Structure formats: structure tokens, C-alpha cells
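Working through the structure, step by step
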Amino acid sequence: MNEQPKKLRDLVGRDFPEIAGMMEGPAGDLDVTGVSSDSRKIRPGMLFAALAGSKADGSSYVGDAAARGAVAAIAAHSADAGIPVLAVSDPRRLLALTAARFYGAQPETMVAVTGTAGKTSVASFTRQIWAFAGHAAAQIGTTGVVSPTRNDYGSLTTPDPVELQKLLAELAAEGVTHAAMEASSHGLDQSRLDGVRLAAAGFTNLGRDHMDYHPTVESYMAAKMRLFDTLMPKGSPAVIFADDAWSQEAIRVAAASGLDVRTVGRKGDYLSLKRVEHFRHKQTAEIHVGSEIFEVDIPLAGDFQVANALVAAGLAMSTGVAAATAMAALEKLVGASGRLELVGQTKEGALAYVDYAHKPDALENVLASVRPFTTGRVVVVFGCGGDRDKGKRPIMGEVATRLADVVIVTDDNPRSEVPEVIRSEIMAAAPGAIEIGDRAQAIRAAAMMLHAGDTLIVAGKGHEEGQTIGSTVLPFSDHVEVRKALEELGS
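Residues numbered from 1 in each chain as written. Predicted model: local features only at pLDDT ≥ 70, side-chain atom pairs only at ≥ 80, totals over all residues. Heavy atoms only, no water.

Re the overall build of the protein chain
Inclusion rule: Numbered from the N terminus, helices here are DSSP runs of H or I no shorter than four residues, and strands are runs of E no shorter than two. The cut-offs for exposure are 20% and 50% of the maximum accessible area for each residue type, with area from a 1.4 Å probe on protein chains only; residues under the lower value are buried, those over the upper are exposed, and the others partly exposed. In what follows, residue pairs with any heavy atoms lying within 4.5 Å of each other are defined as contacts. Using a 1.4 Å probe, the Shrake-Rupley method yields the accessible areas, and only the shown protein chains count as cover for residues. Just so you know, the count uses Lys and Arg for positive and Asp and Glu for negative, and it drops His and the chain ends. By convention, the charge on Lys lies at NZ, on Arg at CZ, on Asp at CG and on Glu at CD.
The secondary structure content of the protein chain amounts to 16 helices and 25 strands. Along the first, second and third principal axes, the C-alpha set of the protein chain runs to 75 × 55 × 40 Å. Every one of the 491 residues in the protein chain was classed for burial, and the buried ones make up 59%. Partitioning the intrachain contacts of the protein chain with sequence separation of at least 6 by distance along the chain shows that 68% fall at a separation of at least 24. As displayed, the protein chain offers around 19,100 Å² of accessible surface, 50% of which is attributable to carbon and sulfur atoms. Across the protein chain, the centroid of the 48 positively charged side chains sits 1 Å from that of the 60 negatively charged ones.

Some details on the packing of helix α13 (residues 392-403) against helix α14 (residues 419-427)
Using the following cut-off: Axis lines are fitted to C-alpha atoms, over the contacting stretch for helices. Their N-to-C directions set the angle, which ranges from 0 to 180 degrees. In this scheme, roughly parallel covers angles under 35 degrees and roughly antiparallel covers those over 145, while 65 to 115 is roughly perpendicular and the rest are oblique. Definitions for this section: a left-handed crossing has its near helix turned counterclockwise from the far helix by less than a right angle. A right-handed crossing has that turn clockwise. Residues are grouped as follows: Ala, Val, Leu, Ile, Met, Phe, Trp, Tyr, Cys and Pro are nonpolar; Asp, Glu, Lys and Arg are charged; every other residue, Gly included, is polar.
Put simply, α13 and α14 touch, their axes get as near as 7 Å, and they point 50° apart. Here α13 is positioned oblique relative to α14, judged by the angle of their axes. Here α13 runs over α14; the crossing is right-handed. Along its contact with α13, which presents Arg393, Pro394 and Gly397, the element α14 presents Ile422, Glu425 and Ile426. Among the residues making up the contact of α13 with α14, the classes are represented as three nonpolar, one polar and two charged.

Description of the pairing of strand β12 (residues 198-203)
The condition is simple: Pairing between strands is defined by DSSP: at least two bridges between the two strands are required.
The element β12 is largely enclosed, with a buried count of five among its six residues. Relative to β12, strand β7 (residues 109-114) is paired through five bridges, and the arrangement is parallel. Counted as the bridge partner of Ala112 is Ala201 from β12. Sheet topology note: the β12/strand β13 (residues 237-241) ladder contains three bridges and is parallel. In the strand pairing of β13, Ala201 is matched with Ala238.

Overview of the sheet that holds strand β16 (residues 283-289)
The strands making up a sheet associate through hydrogen bonds between their backbones, and the pairing can be parallel or antiparallel. With mixed pairing, the 11 strands of this open sheet are ordered in space as β10-β9-β8-β11-β7-β12-β13-β14-β15-β16-β17. Every interior strand has two partners, whereas the edge strands, β10 (150-152) and β17 (292-298), have only one. Neighbour-to-neighbour, the strand axes of the sheet open up by a mean angle of 15°, direction not taken into account. Of the strand pairs in this sheet, β16 and β17 are connected by seven bridges, and their pairing is antiparallel. Counted as the bridge partner of Glu286 is Glu295 from β17. Its contacts with the sheet put helix α8 (residues 217-231) on β7, β12 and β13, and the angle it makes with β12 is roughly 150°.

Some points on the pattern of salt bridges
Formally: Salt bridge criterion: a side-chain nitrogen from Lys or Arg within 4 Å of a carboxyl oxygen from Asp or Glu.
Throughout the structure, instances matching the rule amount to 30 salt bridges. Across the salt bridge formed by Asp194 and Arg93, the nearest N and O atoms sit 2.5 Å from each other. A residue pair is termed long-range when its members are at least 10 positions apart, and Asp194 in the loop between α7 (185-189) and β12 and Arg93 in helix α4 (residues 91-103) qualify at 101 residues. Close ionic contact of Glu417 with Lys390 constitutes a salt bridge, the shortest N to O distance being 3.9 Å. Taken together, the positions of Glu417 in the loop between β21 (406-409) and α14 and Lys390 in the loop between β20 (378-382) and α13 put the pair 27 residues apart, joining distant regions of the chain. Using a relative accessible area of 15% as the deciding quantity, one classes Glu417 as buried. Through salt bridges with shared partners, a single ionic network connects Arg150, Asp152, Glu170 and Glu174.

These figures capture arrangement, not role.
Set out below in C-alpha cells:
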């Protein structure tokens, strides 16, 4: 991985005409040894990016960065700090592009997927299809980084641009040629993916999420669509799930941006889903690819996993994988951690799943997905996180009571909020629901209720291995607690 010093003018490039004059002078000759937007990480020779955040404005730290040895700074406004300050209209974009030039190398074939739900599964499935086709492949997203040599747990859907570019260079250095990454609305809105050289991009769906960040659903969608209208080179493939309420808008944006639109799903024309049969541990799908017809056994439960598999296959095929190879790979898929993941079953055969669903559409999808193979009752345990969109709480309460037979409302990650208040806001729209604040006790109570033919869904935390209460993250795993509860039952 190349972290040799580079000239400031070579890092900044020609993206911002307002600083072109500065780069012609002595400032352009400065050697830069690293890049950071955290003044505490600045070491002599580094470039500091002063970004406006939700809690602090980075421009107030330019002086501190200079004192620590920064040779220059990127900011929204000029400042007298004793070092050159590159004042540009979009400091976040310049930081991302600069980081990409500093680290240089990336896997040759990069794809990104956006949407409210399914990003982790699509990134994982795309990596698996590439690997099946013989490529050294990686994925980056909510569950961390997976490559042929690493499986690192993570927490950010789309990493900070400097960390992201460093990671891409590391993956390229280890021989990874293909990488799939998740593109969150925050990451896109904050230009974290600018500088990633994308070969194709995908869209899954849009539902209510992040309303504490985006003022409207329309602005949320617009942030997602930055992947298509700003980051993708013209003529590149845009793989779009065709059956969502927001699919037509995604198609419109992609087409208007000059992309090669490839739709998948029941309404899809690139990969057309004609029939699906649901079973407990798999689904049989009839998929048409042009004049070819494939009958594929996808070893995962849930309609939404078929949708995710189609987007992933579309991305893999759009980056050179043959249709027959992609379809064969779908039969070998392993679900992403915490995505309708079968954790165990009782001795009577009741199934227990863990799922990451923490927003209304996702909860609705997962509950609807298990109904076809549940001969008994659907039991759900869920809560809502604190310091996040409060408006979704009653919506999720309504969804749960409408689609499940037994509802247990518990704590998720209450963070700085009072857990009882969060639960009461869910319970207000969940008549007949049972309230058990302690999540481990709630899971145990749900397991004790299970009979033959029942299905248990523990929703909200998925792959997470901690419970955030106040500012403290306590060890907690839904997987572990479900297994414990099943062991108590003698399963």
C-alpha cells in the first residue's frame, strides 16, 4: 500500500477551480504525508480537512491541526492559521477525492448498492457470486469487512472516506480484484464514496428510515440517488429492483443520468422473476435471463431475500460473470449475519430466527416472509432504538400486531432515552402486545411460548454484539440469547 508523501497539487487535482491559483504557487509543492478530518490524529506533514459536523465545526480546529504539524487545511472558509487553507464549496467532496488520490489503489472492479433494506445481503451475495466465479472478492458494510484473508466486524455502513480509501488500498494490496460495498444515505450525502471508482451500482428499495437526519422521504431518496446521478460514470450499469414503490423514481434518475438501466424482479427486464415457491429452508425461483430460463433453489427464507439475490446476480453479471455461473452461485448462498438467520429450533420443530429489521418496512417484510411456511403462530420480539427517528415507533407497533400472532415489546439500544418511554410509544399502537423491558428475559419468554409449527423472530439488532444503554455499550447478542433460551428448553 502506497503511503509515500505526495505533492499537494497532485492530491487536490482540478475539481475545484477556486483553489487552482493557490496550487500554482508554493503551496502546491508542499509534501503531504497523510490526510485526516480529526485534528487529534494530525501528525507533521499531514493535510487536515475541517468539516462541519452535527456537534462541532471542524474549522475551529484548524489552529490545533497547524500546531500539530499540518502543512495545509481544507475548509469551507479561508482562515489565518499560519498554513495554507484551501477554501472550497464542498470540503467533504474534496477530502474524499484527495484521500482516493493519496492511497491510490482500489480493487479493479468496485460496485456499490443503496436502498433502505437489503444492502448488507446484496453486498454479501455479490461477493459470494464473484468468489464462486473464481474472483478474489470482498465486501464492505454494516457487518464489517470480509475478504479472502479477513473477517473484521464493523459498525459503520459506509466508512469515513479516509478510512475507506485506506481499506480499499489494503484490499488491493492483498490481491482483491472485486469488492462490493454498501452505500448509506449518510455516506452518500456526506460524499464518503466520492473517489471510489465504480463499475456498477444497485438499488434495492426505499422505506421510512433516518427521519432524524433527512427532513423528508423525498430528500432521503435524493441522497440515495446521488449514487446514480453524481458518482456513476455515464453508460455504467445501474441494477434496480423493479418491484418497489420507489423503483420508477430510481429508474428515472438512472436513465436521466445516462446510465445503462437493468431492472430485476417480477417487473424486471434484465432478470425477470416468473415464479417463487416458498419452503422452510429454501425458495425455488424461476428466473428468465433473456431467452434462457433457470430454475434456482435459493437456500434462504423470505421474498425479500429473492429480491436481494436478484440485485446481487445483476451486479455480478454486469461486471462479467456469466448468467449460468451467477444462477448456479445463487444455490450456494449463505445469508448475511443477522438477516433472517435461522439460529435454532425447539425439539418440536419451532424455528427461531434473528433479523436486523429495525424499521417498519423491514419488519413488515420479515414477518410476511415467514408466514407461508409457519403452520402455527408467528411470535416476534422487537424494540426501537433511542436517539433515532421517534415517528417509526408506533408504525412498527402497528406492523407487529397486524402481522404477528404474539408480540413482545422490549428494549433495543435505548441510548440516552428512557427505555420505558420508548416502549410506551410502541405499545400505544400495539394492542395486546406484551411488554418485557429486559431483552434477554423477553427472548426467553418468547422461546417458552413456542409450540410445534411456530416461528420466532427476534428483530432489531441482527449481527450486533452490544446493547447501548446511556453512553455504555454492554455485551449483548440476540444469537447468544436465543441459543441460551433454546438450550433451557432442552432443544
